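# Fold and geometry: a report
The residues making up each chain are set out below.
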Amino acid sequence: MIRFLINVFTPFFTDLGVSPTDVEQYAYALSGYVYAIFILLVIAVAVIVAARWFAKKGTKHVVRWTAAVSWLVIVGILANVISFGPMYNNIAPIMNGSASVPEETIAASRALIEETGDEGMVLVKNDEALLPLDKNSNINVFGWASTNPIYGGTGSGSASQVGNIDILASIKNAGFTVNQEVIDMYAGYQATRASRDGVSIGFTDWSLPEPPVENYTDSLMENAKNFSDKAVIVLGRSGGEGQDEPLDMNAVINGTYDIKDKVANGHPRYNYFTAAYTNNGEYDDFTPGMHYLELSVSERNMIEKVCADFDDVIVVVNANNPMELGWVNEYDSIDSVILAPGTGATGMAGLGRILSGETNPSGRTVDTYLYDLTATPAYNNFGNFSYTNVEDIKADLTEQDPGFRGALSFLNYAEGIYVGYKFWETAAEENLIDYDESVLFPFGHGLSYTSFDKSISHFQDKGDSVSLDVKVTNTGDVAGKDVVEIYYSAPYYNGGIEKSSVNLIDFGKTEILQPGSSETISFVIPKEDMASYDSRGIKTAGNGGYVLEAGEYTISLRADSHTVLDEASFMVDADIDYSVTGRVSDDDVATNQFQDYALNDGTHEITYLSRADGFANYDEATAAPYDDMYVMNDARRAFIMEKATAYYDQTKYDNPEDVMPVTEAKNGLGLADLTGKSYDDPLWDQLLDQLSVEDMINVVNLGGFQTVAIDSVGKVQTQDSDGTSGLNDWYIQVYGTAYSTEILIAQSWNKDLAYRVGQGVGQEYADCRIFGSYSPAMNTHRTAFGGRNFEYYSEDGVLAGYIASHTVNGLASKGVYPYIKHFALNEQETDRCSLLQTFSDEQAIREIYLKPFEYAVKKYEGTAIAAMSSFNFIGDRYSGSNPSLLNNVLRGEWGFRGLVLSDWYGSYGYQNTVDCVLNGNDSMLGFNNNASSKITHTSPTIVKAMRQASKNLFYTVANSGNYTIPDPDAGKMDPMNKTYMWIDIIAAVVLLGALAAVYVRYFRKKREE
């Protein structure tokens, strides 16, 4: 029967983004109640049937009604027991979290999102100064994507489709008239995308319903030429949580791409699904080996047709990932190209304004645009790489853990620090590549309708820092904004510490400058920010660390990562070893924490890409993993088997010197008494002494879209929500305005705008009294194929870090605690929920992948902050139970004080509450329904760890809007209790009234007889 119910309810819950595995776990957790209800129903039916033969005359209906009403009463009682017992923390947030964003806040958000579109869209090509176009002119708009834009992605960072400004509306609102005949052709071919559902996690619509070229009839094209001599071509590419962009679209078309549910040992594995691809025409849209980010055959045919008929063509790339755009230079007709990734509710309004010249574009690229996206150093080490000798472990995990996804895999970050422009600029300097043949649009590239002059002045070496001014003057004819990009180049010694030749160090953006006007932007750059991490101990005195090597350092003002405008330099006379002195910005000295995971263990011998001798090891380092890497060695197998939930022993990690903390004390404190107190205030110990062990278990286990109420310390239940594109609480069905994707925000290169975006999103959260935000996400665009790249800012950690830190501070200004995520090395969706081991040299971990998080923490100006750990492993250690990451680096080095939450707690074969809490992860994003949530061994060591986790969570919540912004409904009965009270009263009156009527009738007839 339980299996039947699972099959019935699974489709409904998976549509909401809940894993089928989680549905199964809930069903089995409630199976006792379900069987009790079923057994009692059988008994009630048996009594009703038996009454026909065994009840006395005149009493049959009394027996039947009594049995039926009794069963309904018992069902009602059990429903209350379930609702206020095992399912309380699932149901309470839904019933108590009903809220909506006020109209005035929505209006402010929509205006801010429009501004993001104005500043975030990037004009990357404008030959012959084609743009801006004459206002009030006619425009032909081609490309099916013009009728169905990409506003965001799918999953937790999805964007609503309701009330959004689309591409055609944007163009019309700017005063242009569009050719309706072309638009009608697209609508007749296919009206909408395969799915407009932006919530479902794991569903990504990869279909590209571009009509075959024969749909562009002679009549249609002749009418189009008569309508206007200008044509806009729109291309769209989506992205989403749970899947990376397909590397072989022909396999998607033919249904052979690895996207189907997997089955191992008889247990279903949910790798999720995609829309069935509907091919266009009699040919394949993609030939074998073509990937999603290049043109389909239908798109290419359409572009050739349009370019043959029109001399002035503008291409709009509405894509969440960088596409291969080299073809724009193959057609003389294509003069202009605009990048317009997911725009949210109103960001697309900027497109029409840019076309008309009302807005002068000022965005810059946040990724390097390449002719060949498969040529990146990371390409061969991106995707699925499953171990081949772990069938026994998989069988055990499958049997004992219903959350296990059926895969044990690895991922090598063999490219080291050479990610994005850091590789392309360095490779060009070392003559490994021809830059112009490889790079189409550099990182930081963007054009304007005006011209600017800028140069460095007042450059000073101040000992521990350098300072400089950049004066920007508008030398053109129209007003506009400009971006100031500051890079540094450090001395590189062949075979020594790895260094890229160019590194972004800071940036700024001017206000709108009228023609002839100027603005000066000043920078102070700490020299320690230019230190390299010496993971191999080449120069550091201890176990790795940061070092500022002796030599000449160049500070350059650039138009993009490749184009130098001005530069200045300073000398470092002798190496500065920060592993000895420490960096000013660190609380603890940074030394190696992850180098053991660089992996040279006899089985995996990773060759990391090195600049030595002009990248002499390029071919070896960037090759796909060799066969022996697919064999997990004995030591790694043993460690996995120790930590995996199927084998985990909660008693193994007890410290005999630990003393059981005080519990259940009566100190009379409430959490509100600690609001505003420092993290080290002695009152915290008195408050924590009031907790029971059961209180602490609830705190650490019940973190799914909430933090639980704890009566012993007067802690109220609070609510947390997705996501990175604004308030997106699919769990309680509360939604805010769809904000632009993080990639569009980053393309603005505007710190102040990022802060105001944080404020805008934060206000919507605060209006709904949801003060925990699962955002911003700040992982790295390691390749262009990351399915969730739209949720992450850039290929560069400094750009991402500055934009993220300002967004975080904006959120905090509204009382919201942001969960910076996904911490860390969560750069792909493939196998992300499986047991995925990520191997990297520590220099790359620190300089590339941790950099945005480091900036977000160190530049945070609020009282408390939160973080969400990632699904993947760093080497052998799950990120959510990695003390090197969560305690040593995050808390020890960076000074983080606050809550660390797991990513979705589905167990998945490796998530384990005890292991997480013992190693720095405070709470689980789940509802205590997994076997791995059960804490059966409450030793002093484990209780001490739960007490510390409780403090971290309490500190975060106590300093959030939950306690600093008065709740107008405080003291009132909450909606759940009120609803159940009235339902129970009404049900009792109806049922007992019906039963009373039966008995009154019975006794009346008895008297009459």
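Scroll up to find the structure.
Rules and cut-offs
Residues take numbers from 1 onward in each chain, read along the sequence in its written order. Reporting of local features is limited, given that this is a predicted model, to residues whose pLDDT is at least 70; pairs of side-chain atoms are given and counted only at 80 or more, and all residues count toward the totals for whole chains, interfaces and linings. In computing side-chain properties, one takes all heavy atoms of the structure into account and sets aside hydrogens as well as water. Stacked, tilted and edge-to-face pairs are distinguished by plane angle, under 30 degrees for stacked and over 60 for edge-to-face with tilted covering the rest, among Phe, Tyr and Trp rings (Trp via its six-membered ring) whose centres lie within 6.5 Å. Helix and strand labels come from DSSP, where a helix needs a run of H or I of at least four residues and a strand needs a run of E of at least two; each type is numbered from the N terminus. Burial status follows relative accessibility: with a 1.4 Å probe on protein chains alone, a residue under 20% of its type maximum counts as buried, one over 50% as exposed, and anything between as partly exposed. Sitting over a ring, as applied to charges here, requires NZ of Lys or CZ of Arg to be within 6 Å of the ring centre and within 35 degrees of the ring normal. The working definition used for a salt bridge is a side-chain nitrogen of Lys or Arg within 4 Å of a carboxyl oxygen of Asp or Glu. Pairing between strands is defined by DSSP: at least two bridges between the two strands are required. Only residues whose relative accessible area exceeds 30% and that take part in no salt bridge are eligible for patches, with like-charged residues grouped when within 9 Å of each other and nonpolar side chains (Val, Leu, Ile, Met, Phe, Trp, Tyr) grouped when within 5 Å. Note on areas: Shrake-Rupley with a 1.4 Å probe; residue coverage comes only from the protein chains shown. In this tally Asp and Glu are treated as negative and Lys and Arg as positive; neither His nor the chain ends contributes. Charge placement uses NZ in Lys and CZ in Arg. For Asp and Glu, CG and CD serve respectively. N or O atoms within 3.5 Å of each other form a polar contact, as long as, within protein, one can give a hydrogen and the other can take it, and as long as residues adjacent in sequence are counted only when both atoms are side-chain atoms. In what follows, a contact means two residues having at least one pair of non-hydrogen atoms within 4.5 Å. Side-chain atoms within 4.5 Å link the members of a nonpolar core, which is a set of buried Ala, Val, Leu, Ile, Met, Phe, Trp, Tyr and Cys residues. An axis is simply a line fitted to the C-alpha atoms; with a helix, the fit covers only the stretch in contact. Between two such axes, the angle follows the N-to-C directions and lies from 0 to 180 degrees. Each angle is binned into one of four classes, with values under 35 degrees roughly parallel, values over 145 roughly antiparallel, values of 65 to 115 roughly perpendicular, and all other values oblique. Here the term charged refers only to Asp, Glu, Lys and Arg, the term nonpolar to Ala, Val, Leu, Ile, Met, Phe, Trp, Tyr, Cys and Pro, and the term polar to all other amino acids, Gly among them.

Scanning the model with the defined rule gives 38 aromatic pairs in all. Ring geometry for F142 versus F310: centroids 5.8 Å apart, planes at 55°, classification tilted. With F142 in strand 2 (residues 138-142) and F310 in the loop between helix 11 (297-309) and strand 7 (312-319), this residue pair connects regions lying 168 residues apart in the sequence. Among the residues examined, F142 registers a relative accessible area of 0% and is labelled buried. Among the aromatic residues, those joined into a ring-pair cluster are Y421, F443, Y487, F507, W749, Y802 and Y855. Positioned above the aromatic ring of Y292 is the side chain of R237, whose terminal nitrogen or guanidinium carbon lies 5.3 Å from the ring centre.

Once that is clear, we can look at the pattern of salt bridges. What the rule picks out here adds up to 45 salt bridges. One salt bridge in this structure joins K481 and E119, with 2.4 Å as the shortest N-O distance. Of the two residues, K481 sits in the loop between strand 13 (465-474) and strand 14 (483-489) while E119 sits in helix 6 (residues 103-120), which places them 362 residues apart along the sequence. The residues K481 and E119 share a single accessibility class, namely buried. Of the charged contacts in the structure, one is a salt bridge between D586 and R583, with a shortest N-O distance of 2.9 Å. D586 gets classed as buried once you look at its relative accessible area, which sits at 9%. A cluster of three or more residues bridged by salt bridges with shared partners is formed by E241, R788, E791, E829 and R832.

This next bit is on unusual backbone geometry. Look at the link from D722 to G723: it is a cis peptide, with omega at 15°. In this fold, G723 is placed in the loop between strand 23 (718-721) and strand 24 (728-729). Each neighbour pair has its own omega, and for K821 with H822 the value is -5°, a cis peptide bond. In this fold, H822 is placed in strand 27 (residues 817-823). For H458, which is not glycine, the phi dihedral falls at a positive 55°. Note on placement: H458 falls in strand 12 (residues 452-461). One non-glycine residue, D613, lies in positive phi territory at about 55°. Along the chain, the position of D613 falls in helix 17 (residues 612-615). Look at D613 and you get exposed, because its relative accessible area is 58%.

Attention now moves to the pairing of strand 15 (residues 503-509). Residues in a regular strand project their side chains so that they alternate between the two faces of the sheet. Burial analysis of strand 15 places seven of its seven residues in the buried class, which makes it a mostly covered element. Sheet topology places strand 14 next to strand 15; six bridges connect them, and they run antiparallel. The residue of strand 15 that forms the bridge with V483 is K509.

The next subject is a positive patch on the surface. Taken together, R1001, R1004, K1005 and R1007 make up a surface patch of like positive charges. With respect to the element layout, R1004 can be found in helix 31 (residues 975-1008).

A few words on the side chain of D841. The topology assignment puts D841 in the loop between strand 28 (835-839) and helix 25 (842-849). The side chain of D841 sits in the buried core without any salt bridge; R536 is the nearest counter-charge, 5.5 Å away. Side-chain polar atoms of D841 contact the side chain of S535, separated by 2.8 Å. With residues near it in sequence (within four places) discarded, D841 still touches S535, Q595, A598 and Y608.

This part covers the nonpolar core. L408 and F954 are the most contacted members of the largest nonpolar core, which totals 175 residues. With ten residues, the top contributor of residues to this core is helix 29 (residues 940-958). With residues up to four places along the chain from it excluded, the contact list for L408 reads F385, S386, Y387, V390, I393, K394, L397, M632, I640 and L835.

A few words on the packing of helix 25 against helix 26 (residues 851-858). Between two packed helices, the angle of one axis relative to the other and the distance separating the axes together describe the packing. Axis separation between helix 25 and helix 26 bottoms out at 5 Å; the angle between their running directions is 55°. If you check the angle between helix 25 and helix 26, you find them oblique. Two secondary-structure elements touch here, helix 25 through R846, E847, I848 and Y849 and helix 26 through K851, P852 and F853. The residue inventory of the contact of helix 25 with helix 26, partitioned by class, reads four nonpolar, no polar and three charged.

Quick look at the environment of Y283 now. Within the secondary structure, Y283 is located in the loop between strand 6 (267-269) and helix 11. Note on Y283: relative accessible area 24%, which makes it partly exposed. The spacing of Y283 and P212 is 71 residues in sequence and 9.4 Å in space, taken between C-alpha atoms. What Y283 contacts, discounting residues up to four positions off in sequence, is P212, V213, V297, S298 and N301. Within the structure, the side chain of Y283 is placed 2.7 Å from the side chain of S298, a separation counted as a polar contact.

With five of five residues buried, strand 10 (residues 408-412) lies mostly within the body of the structure. Residues L408, F410 and N412 line one face of strand 10 and the alternating positions S409 and L411 line the opposite face, and both faces are buried. Relative to strand 28, strand 10 runs parallel, the two sharing five bridges. When the sheet's bridge partners are listed, L411 is paired in strand 28 with T838.

What follows covers a nonpolar patch on the surface. Nonpolar side chains collect at one region of the surface, where Y35, F38, I39, L41, V42, I43, V45, V47, V49 and W53 lie side by side and expose about 900 Å² of accessible area between them. If you trace the backbone, V49 turns up in helix 3 (residues 31-54). A relative accessible area of 43% places V49 in the partly exposed class.

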